[in-house]
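Next come the chains, spelled out residue by residue.
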Amino acid sequence: MTHRILTKLRAATPQLWINPQRDPAIPMGLSDSAFQPQGMQVAQERFARFAPLLANLFPELAAMDGRIESALQPVPAMQKALGLSVAQGQLWVKADHSLPVAGSIKARGGFHEVLEVAERLAVEHGLLRPDADYRALAQPAARALFARHQIAVGSTGNLGMAIGVLAAALGFRAVVHMSTEAKEWKKQRLRLRGVEVVEHTGDYEQAVAGGRSLAQTDPLCHFVDDERSLSLFMGYSAAALHLQVQLRAQGVQVDAQHPLIVYLPCGVGGAPAGIAWGLHQLFGAHVHCFFAEPVQSPCFLVHMLATDGSSPSVYDFGLSNQTEADGLAVPRASLLAASVMSKLLAGVFTVEDQTLFDHLAQLMATEGMRIEPSAAAGFSGPGQLGSSAPACPGANHVVWTTGGLLVPDAQYQTFLDRAVTQPTPTPL
Ligand SMILES: *Cc1c(COP(=O)(O)O)cnc(C)c1O
């Protein structure tokens, strides 16, 4: 069994791995006291406190009163195009590709950590009392305080965009460490917003390491550590609370006859693990979270397969970590995310880049949704699962589309051009 999986892994062949350790009876999956179950409520309340300030800082948030949220939408035309029959359940998209300001799922974790830092500093300096109007943080006293501090992050792009844009808007010195291979338009966009971009040769892991060690030399610098941060994690987890409200509003039940199957694109693992952890607290054994990874960057899968406690990288398996899904191009999983998921994860499936482009184009053709390649990774989940799961008409399949809003038109067109499969709707 494991031998077959390893053979496919090394050959970069798409596959589905089911987690034999899954034990949803342990809802937290953790003994670490840092993971208090109320962490997701705390994060949600923090977002709510900051909403009026965010609405003032970013005109595009005014209509939402400063709330950073995305729609949950049925996608029947995409479901047809994928050949997923109604006997297998209903297909939904959780549309984080449209999250304002950041344009990706990083708005959840990344914004949360910046807000937590700003809140802590303001409280420490007597600028914010409990129940205060947080719009005070746009006043000169708070901005002068933030200007003395730096917020830094290492990123393949989207995390840097979220952290950099919000930190700069609040008045912090914002520094984003990127690998040289990161997309040029992302670097430009950050520089336009007043963010300092530091380029590092090598991959994502090296950019993070470089940023982390530079930040350690500055006591007034907060480094957002994508591989270890609890604040990011809790920011992501709060998505579960909103999804629960959305499911109720759509009349969707979650129980043994109506399993909720969630497909989450996975890079370092923080975003999908935070959301999965939150969903498990709300839905227990009835939610099944699958992580989606590129065939060349299956870092979470190789971590889960390592039974000797090591934390291998995809390079150890002869893989290249080269993928157009830049949000997922990560060689080694976050240990924090992996420890949370060891008993909660339903499974991992891997996807070829060509499939990402095909699904990206199909989603535009069928539903008019514009996503980036990383965000397309979840769409092969229902098909991969199809053969190994019994048909369950009550199932709800939620594909989390994690980014896309800010992709420039010319860049998006190059993604469309790489699709070979044009949508061929099949009758249900
Ligand atoms: C970062 C990112 C992910 C995955 O998040 P991780 O925390 O790295 O696992 C998925 N999709 C997009 C578009 C991203 O930017």
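Each chain has its residues counted from 1, following the order in which its sequence is written. Only residues with pLDDT of at least 70 get local features here, since the model is predicted, and only at 80 or more are side-chain atom pairs given and counted; chain-wide, interface and lining totals rely on the full set of residues. With hydrogens and water stripped out, all remaining heavy atoms of the structure feed into the side-chain values.

Student: Tell me what's going on with the domain arrangement of the protein chain, and back it up with residues and numbers.
Tutor: Domain segmentation is taken from an automatic or database assignment of domains. Looking at the assigned domains, one finds that the protein chain contains domain 1 (2-37 + 69-102 + 238-417) and domain 2 (106-231). For domain 1 versus domain 2, the separation of C-alpha centres amounts to 27 Å. Two residues qualify as a contact provided that any one of their heavy atoms is within 4.5 Å of a heavy atom in the partner residue. Across the boundary between the two partners, domain 1 contributes 29 residues, which contact 20 residues of domain 2. Two parts lose some accessible area (1.4 Å probe) when they are put together, and adding that loss for both gives the buried area. Summing both partners gives a buried area of about 2000 Å² for domain 1 against domain 2, and 55% of it is carried by carbon and sulfur. In terms of surface lost to domain 2, no three residues of domain 1 exceed Ala102, Asp326 and Leu406, which account for 24% of the buried area on that side. Here, a salt bridge means any Lys or Arg side-chain nitrogen found within 4 Å of an Asp or Glu carboxyl oxygen. Connecting domain 1 to domain 2 are 4 salt bridges. Residues glutamate 69 and arginine 108 are paired through a salt bridge, measuring 2.8 Å at the closest nitrogen-oxygen approach.

Student: Could you give an account of the site of the ligand, with specific residues and numbers?
Tutor: What surrounds the ligand is a group of 16 residues, the closest being Lys106, Asn158, Gly267, Gly269 and Thr402. Between N or O atoms, a polar contact is any pair within 3.5 Å; within protein, one atom must be a potential hydrogen donor and the other a potential acceptor, and residues adjacent in sequence are included only when both atoms are from side chains. Valine 268 has a polar backbone atom sitting 2.9 Å from an oxygen atom of the ligand. Here an oxygen atom of the ligand and a backbone polar atom of alanine 271 are 2.8 Å apart. Here the accessible surface of atoms and residues is derived via Shrake-Rupley with a 1.4 Å probe, and residues count as covered only by protein chains that are part of the display. When the ligand sits alone it has 380 Å² of accessible area, and the protein chains cover 98% of it. The helix and strand labels rest on DSSP assignments: H or I over at least four residues marks a helix, E over at least two residues marks a strand, and numbering proceeds from the N terminus. With 3 residues, the top contributor of residues to the shell around the ligand is helix H11 (residues 270-283). For this classification, Asp, Glu, Lys and Arg are treated as charged, while Ala, Val, Leu, Ile, Met, Phe, Trp, Tyr, Cys and Pro are nonpolar and the rest, including Gly, are polar. Counted by class, the shell around the ligand contains 6 nonpolar, 8 polar and 2 charged residues. Near, as used in this document, describes a residue that has one of its heavy atoms within 4 Å of the molecule or strand being considered.

Student: I'd like a rundown of the environment of cysteine 289, residues and numbers included.
Tutor: Of note, cysteine 289 is situated in strand E9 (residues 287-294). Distance in space between the C-alpha atoms of cysteine 289 and alanine 346 is 5.3 Å, their sequence separation being 57 residues. In this structure, cysteine 289 is in contact with Val262, Leu264, Ala276, Leu279, Leu345, Ala346 and Gly347, ignoring residues within four places of it in sequence.

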